[in-house]
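The chain contents come next:
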Amino acid sequence: MEFRDLKKQYQMLKEEIDQAILDVVKDGNYILGTQVSQLEDELSEFSGSKHCVCCGNGTDALVLALMYWNIGPGDAVFVPDFTCFASVTCILTRGAEPVFVDIDLKTFNMDPNSLEEAVLNVTREGRIRPRVIMPVDLFGLPADYGRILEIARKYSLLVLEDAAQSFGASINGRNTCTFGDISTTSFFPSKPLGCYGDGGALFTGSREIADRLKSMRFLGRSVADQYDNINIGLNSRLDTLQAAILLKKLRAFKEYELDCVNRIAEYYSSLLKNVVSIPRIPEDFYSSWAQYTILLENEAQRDSLKDYLSTSGVPSAVYYPRPMHLQKACEGLATPLVSLANSVHASKCALSLPMHPYLTDEEVEMITTTIIEHIG
Ligand SMILES: *Cc1c(COP(=O)(O)O)cnc(C)c1O
């Protein structure tokens, strides 16, 4: 059994993906070929965001957004304490300060109350300037944008939506990648929509922002004259090969993969709801299930279940074993301004189970039976 079976998906789409790869190889247009702009059009149509700009990976996408706003030393970026380190390193790269916000244990996402408390504390201290809120749609579930956007308006803050794990998810029919002033996603192979290497994208409703980002991902050069550099940028382009693969995978993603992971999550939950704390999806929210993550009672129970599953041939993963404020790279930062107790709790008690569109009912039954055997 695989934690996320990428090979099974390839087997399903093999013929068309092989052809798409061959076409690129023969065509010779390896960087930013026509497949990249076609993909950008299809991604913006699917998400409902006006503009999409593909780039080298999800971390660069976040860096590009912060560069666009000129976020740097003296600026505070509010980010959940329980996330992938990519959400934090992009802030540190800019010389800005991450301000860690606690999560809601029901959703694993940024807790709006903790966010507002952090904004008020930073303002009161007066040492750094609140600039950006970076909500992360963890494990595929959109953050609480209703409340977060309200807080952003109230304190005049920008919103950078980190939708690396939530492409395809929505709230009340409105898709992720449309909630931020700029939103980003990742096509790392294990994300809901993954390619066969690194890839990422930025989304925005503003043509002006999109045009500048297109320049910034390519060394800051001018569209009209490639030797006229008008912005400071990165070398962060999406390979034509990855775009060609993503165009094929996007179709499967839309047609059935999203439905499959939602059906599998429901089946997991129906079998586990009386056994462990299952992931809860608020009303009107739709997840793209980057992970199916349960919460155990304590660290010892989580670790012993993980070992037991492993002995029984079931892979599982701990996302994430260490909160952001306890990372070595964050040692020099000021002490957190709000309680991060839920984040610490989740790092000790969360366990992610196998999840991908090709998981069978029998596999889900085998996994849940093994969990019930161990926990009773
Ligand atoms: C994966 C991930 C990223 C970074 O994406 P890459 O393409 O790997 O650079 C950023 N944020 C979150 C929450 C992620 O899970």
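Structure: see above.
What comes next concerns the included structure. (Residues numbered from 1 in each chain as written. Predicted model: local features only at pLDDT ≥ 70, side-chain atom pairs only at ≥ 80, totals over all residues. Heavy atoms only, no water.)

As for the overall build of the protein chain
In terms of regular secondary structure, the protein chain is built from 11 helices and 12 strands. A compact globule built from 376 residues should have a C-alpha radius of gyration of about 21 Å, and the protein chain, at 21 Å, falls within 12% of that. Taken along its principal axes, the extent of the C-alpha atoms in the protein chain is 65 × 60 × 35 Å. Expressed as a percentage of the 376 residues in the protein chain, the buried residues total 56%. Across the protein chain, the fraction of contacts at a sequence separation of at least 24, relative to all contacts at a separation of at least 6, is 73%. Carbon and sulfur atoms provide 49% of the accessible area of the protein chain, an area that totals close to 15,900 Å². Side chains of the protein chain give 35 positive and 49 negative charges; the mean places of these two sets differ by 4 Å. (Helix = DSSP H or I, 4+ residues; strand = E, 2+ residues; numbered from the N terminus. Rg over C-alpha atoms; globule rule 2.2 N^0.38 Å. Buried < 20%, exposed > 50% of the residue type's maximum accessible area, 1.4 Å probe, protein only. Contact = heavy atoms within 4.5 Å. Areas by Shrake-Rupley, 256 points an atom, 1.4 Å probe, with all protein chains shown as cover. Lys, Arg positive; Asp, Glu negative; His and termini not counted. Charge placed at Lys NZ, Arg CZ, Asp CG, Glu CD.)

A look at the site of the ligand
Surrounding the ligand, one finds 14 residues, the nearest of these being Gly 58, Thr 59, Asp 162, Ser 186 and Lys 191. One of the side-chain N or O atoms of Asn 57 is found 3.5 Å from an oxygen atom in the ligand. Burial of the ligand by the protein chains amounts to 91% of its free accessible area of 380 Å². Of all the cavities here, the one that holds the ligand is the largest pocket. Secondary-structure elements contributing two or more residues to the shell around the ligand are helix H3 (58-68) and helix H4 (86-93). Class assignment for the residues of the shell around the ligand results in four nonpolar, eight polar and two charged. (Near = heavy atom within 4 Å. Polar contact = N/O pair within 3.5 Å; in protein donor to acceptor, adjacent residues only side chain to side chain. 1 Å grid on protein atoms, 1.4 Å probe; cavity = no way out; pocket = protein on both sides within 12 Å on 5 of 7 lines; lining within 4 Å. Sits in = over half its atoms within 2 Å of the grid points. Nonpolar A, V, L, I, M, F, W, Y, C, P; charged D, E, K, R; others polar.)

Section: the packing of helix H9 (residues 299-311) against helix H11 (residues 361-375)
Put simply, H9 and H11 touch, their axes get as near as 10 Å, and they point 130° apart. It follows from the interaxial angle that H9 and H11 lie oblique. Of the two possible hands of crossing, H9 and H11 adopt the one that is right-handed. Within the contact between the two elements, H9 uses Gln 301, Ser 304, Leu 305, Tyr 308 and Leu 309 and H11 uses Ile 367, Thr 370, Ile 371, Glu 373, His 374 and Ile 375. Grouping the constituent residues of the contact of H9 with H11 by class yields six nonpolar, four polar and one charged. (Axes fitted to C-alpha atoms, helices over the stretch in contact; angles between N-to-C directions. Parallel < 35°, antiparallel > 145°, perpendicular 65-115°, else oblique. Left-handed = near helix turned anticlockwise from the far one by under 90°.)

What about H3?
Side chains three or four residues apart in an α-helix point the same way, a direct result of the helix having 3.6 residues per turn. Burial of H3 is extensive: 10 of the 11 residues sit out of reach of the surface. Taken together, the buried positions of H3 are occupied by Gly 58, Asp 60, Ala 61, Leu 62, Val 63, Leu 64, Ala 65, Leu 66, Met 67 and Tyr 68. At the N-terminal boundary of H3, the capping side chain belongs to Asn 57, with an oxygen 3.0 Å from the backbone nitrogen of Thr 59. Looking one or two places after H3, you find Asn 70, whose phi comes out positive at around 65°.

Concerning the nonpolar core
Counting residues in each nonpolar core, the largest one holds 55 residues, and the members touching the most others are Phe 78, Leu 115 and Leu 160. With eight residues, H3 is the single largest residue contributor to this core. Setting aside anything within four residues of it in sequence, one finds Leu 115 in contact with Phe 78, Val 101, Met 110, Ile 133, Ile 148 and Ile 151. By size, the runner-up hydrophobic cluster in this structure holds 22 residues, among which are Ala 265, Ile 294, Leu 309 and Val 314. (Core = buried A, V, L, I, M, F, W, Y, C linked by side-chain atoms within 4.5 Å.)

Concerning empty space enclosed by the protein
A full pass over the atoms with the stated rule returns four cavities of 30 Å³ or more. When its volume is computed, the largest cavity comes out at roughly 110 Å³. Forming the boundary of the largest cavity are Glu 97, Pro 98, Val 99, Phe 100, Glu 125, Arg 127, Ile 128, Leu 333, Ala 334, Thr 335, Pro 336 and Leu 337. For the lining of the largest cavity, the leading source of residues is strand E3 (residues 97-101), giving four residues. Counted by class, the lining of the largest cavity contains eight nonpolar, one polar and three charged residues. Considering only enclosed or pocket space, the second largest cavity measures out at about 90 Å³ in volume. As for the second largest cavity, its lining consists of 13 residues, and the residues nearest its centre are Thr 107, Phe 108, Phe 139, Leu 141 and Pro 279. Residues belonging to the lining of the second largest cavity are distributed by class as follows: seven nonpolar, four polar and two charged. (Points joined across faces, edges and corners; volume = space filled by probe spheres on them.)

Side note on unusual backbone geometry
With an omega dihedral of 0°, the bond running from Tyr 319 to Tyr 320 counts as a cis peptide bond. Summarising the element assignment, Tyr 320 is placed in the loop between H9 and helix H10 (341-349). Residue Asn 70 is not a glycine yet carries a positive backbone phi of 65°. Note on placement: Asn 70 falls in the loop between H3 and strand E2 (75-80).

What about the pairing of strand E8 (residues 182-186)?
Extensive coverage of E8 is indicated by the burial of five of its five residues. Burial of E8 is two-sided: the residues Ile 182, Thr 184 and Ser 186 facing one way and the residues Ser 183 and Thr 185 facing the other way are all buried. Looking at chain direction, strand E5 (residues 158-162) and E8 are connected through three bridges and run parallel. Residue pairing for E8: Glu 161 is matched across the bridge by Ser 183. With four bridges connecting them, E8 and strand E9 (residues 200-204) associate as antiparallel partners. Bridging across to E9, Thr 184 finds its partner in Leu 202. (Pairing = 2+ DSSP bridges.)

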